[in-house]
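# Per-entry structural report
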Amino acid sequence: MASTPAFLQRSRTVAACLLLVTTGLAAGCVQSSGPAAERSTAATADATPPTATPAADGGDAVESRLVDLANAADPAAFADAHGIAYDDGRVTVVVTLREGRTLPTGYGAAATLAAGDTVEASVPVDEVRALAADENVTYVRTPREPNA
């Protein structure tokens with residue numbers, strides 16, 4: 001059989017990226033078996049873009065806002081103030097997996113959407129950093145809202 005042409009592979013990648021960009025809207029329609037997290041659509045003009053915090057081994061990363069959420073005295077208030085989907089100790093995240101890998105088990109993650117090597121999942125906030133350090137994962141971040 002002939003291999004897939006490069007332009008078709010790029011088209012699929014672009015389609016997957018577009019799906020992920022709209023995840024912020026689509027995730028509000030998809031519910032996992034647990035309670036659905038409320039999404040805040042309020043944007044703050046003075047918000048600084050999130051940064052990545054490397055894991056201890058330097059290879060994996062987690063968005064700094066998620067680290068701040070895990071360290072917050074009142075995670076619910078922090079999540080509300082920063083537009084992070086958080087409910088009952090769980091946060092909605094987008095997990096970027098290493099090529100050909102699956103969402104690892106053992107972290108309480110419940111997948112809600114998947115496209116290629118990217119999965120949106122609800123994860124206990126205290127497991128986010130451990131999930132990011134898993135060998136199957138390259139990055140964990142909050143879903144991005146499309147620009148209006």
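Residues numbered from 1 in each chain as written. Predicted model: local features only at pLDDT ≥ 70, side-chain atom pairs only at ≥ 80, totals over all residues. Heavy atoms only, no water.

## A few points about the overall build of the protein
Regarding its fold elements, the protein presents 5 helices and 7 strands. What you see in the protein, going N to C, is helices and strands ordered as α-α-β-β-α-α-β-β-β-β-α-β. Looking at the 148 residues of the protein, the share that counts as buried comes to 34%. The long-range share in the protein, meaning contacts at least 24 apart out of those at least 6 apart in sequence, stands at 59%. Accessible surface computed for the protein: about 8800 Å², of which carbon and sulfur atoms make up 54%. (Helix = DSSP H or I, 4+ residues; strand = E, 2+ residues; numbered from the N terminus. Buried < 20%, exposed > 50% of the residue type's maximum accessible area, 1.4 Å probe, protein only. Contact = heavy atoms within 4.5 Å. Areas by Shrake-Rupley, 256 points an atom, 1.4 Å probe, with all protein chains shown as cover.)

## Let's talk about the pattern of salt bridges
The full count for this structure, using the stated rule, is 1 salt bridge. Across the salt bridge formed by Glu 63 and Arg 65, the nearest N and O atoms sit 2.9 Å from each other. Accessibility expressed as a relative area gives 18% for Arg 65, which makes it buried. (Salt bridge = Lys/Arg side-chain N within 4 Å of Asp/Glu carboxyl O.)

## A word on unusual backbone geometry
Here Asp 88, not a glycine, exhibits a phi torsion of approximately 55°, which is positive. Relative to the helices and strands, Asp 88 is located in the loop between β3 (86-87) and β4 (90-97).

## A closer look at the nonpolar core
Core analysis: the biggest nonpolar cluster contains 24 residues, and Leu 66, Leu 69, Val 91, Val 95 and Val 140 have the highest contact counts within it. Put simply, the parts of the chain that give this core at least two residues each are α3 (64-71), α4 (75-82), β4, β6 (118-124), α5 (128-133) and β7 (137-141). The greatest single-element share of this core, amounting to 4 residues, is contributed by β4. Filtering out sequence-adjacent residues up to four positions away, Val 140 remains in contact with Ala 61, Val 62, Glu 63, Leu 66, Val 93, Val 94, Val 95, Val 128, Leu 131 and Ala 132. (Core = buried A, V, L, I, M, F, W, Y, C linked by side-chain atoms within 4.5 Å.)

## Things to note about the confidence of the model for the protein
In this model, the protein carries an average pLDDT of 73, and 57% of its residues clear a pLDDT of 70 or more. Note on residues 14-49: pLDDT under 50 across the span, and 38 contacts to partners over four residues away in sequence or across chains. (pLDDT = per-residue confidence, 0-100.)

## A few points about the side chain of Arg 141
Here Arg 141 shows up in strand β7. Not counting residues up to four positions away in its chain, the partners in contact with Arg 141 are Glu 63, Leu 66, Val 93 and Val 94.

## Some remarks on the side chain of Thr 142
Among the secondary structure elements, Thr 142 is positioned in the segment after β7. Classification of Thr 142 by relative accessible area gives buried; the value is 5%. Here Arg 65 takes part through its side chain, which lies 2.6 Å from a polar atom of the side chain of Thr 142. Apart from the residues lying within four places of it in its own chain, the contact partners of Thr 142 are Glu 63, Arg 65, Leu 66, Ile 84, Thr 92 and Val 94. (Polar contact = N/O pair within 3.5 Å; in protein donor to acceptor, adjacent residues only side chain to side chain.)

## Some points on the environment of Arg 101
Locating Arg 101 in the fold gives a position in the loop between β4 and β5 (110-115). In this structure, the C-alpha to C-alpha distance between Arg 101 and Asp 117, residues 16 residues apart in sequence, is 7.2 Å. Beyond its immediate chain neighbours, meaning those up to four positions away, Arg 101 contacts Glu 135 and Asn 136. At 2.8 Å, the side chain of Arg 101 forms a polar contact with the side chain of Asn 136.

## Comments concerning the packing of α3 against α4
As a packed pair, α3 and α4 sit with axes 8 Å apart at the nearest point and diverge in direction by 150°. Overall, the two elements α3 and α4 adopt an arrangement that is roughly antiparallel. Relative to α4, the crossing made by α3 is right-handed. Contact residues: α3 offers Arg 65, Asp 68 and Leu 69, while α4 offers Pro 75, Phe 78, Ala 79 and His 82. Split into classes, the residues belonging to the contact of α3 with α4 amount to 4 nonpolar, 1 polar and 2 charged. (Axes fitted to C-alpha atoms, helices over the stretch in contact; angles between N-to-C directions. Parallel < 35°, antiparallel > 145°, perpendicular 65-115°, else oblique. Left-handed = near helix turned anticlockwise from the far one by under 90°. Nonpolar A, V, L, I, M, F, W, Y, C, P; charged D, E, K, R; others polar.)

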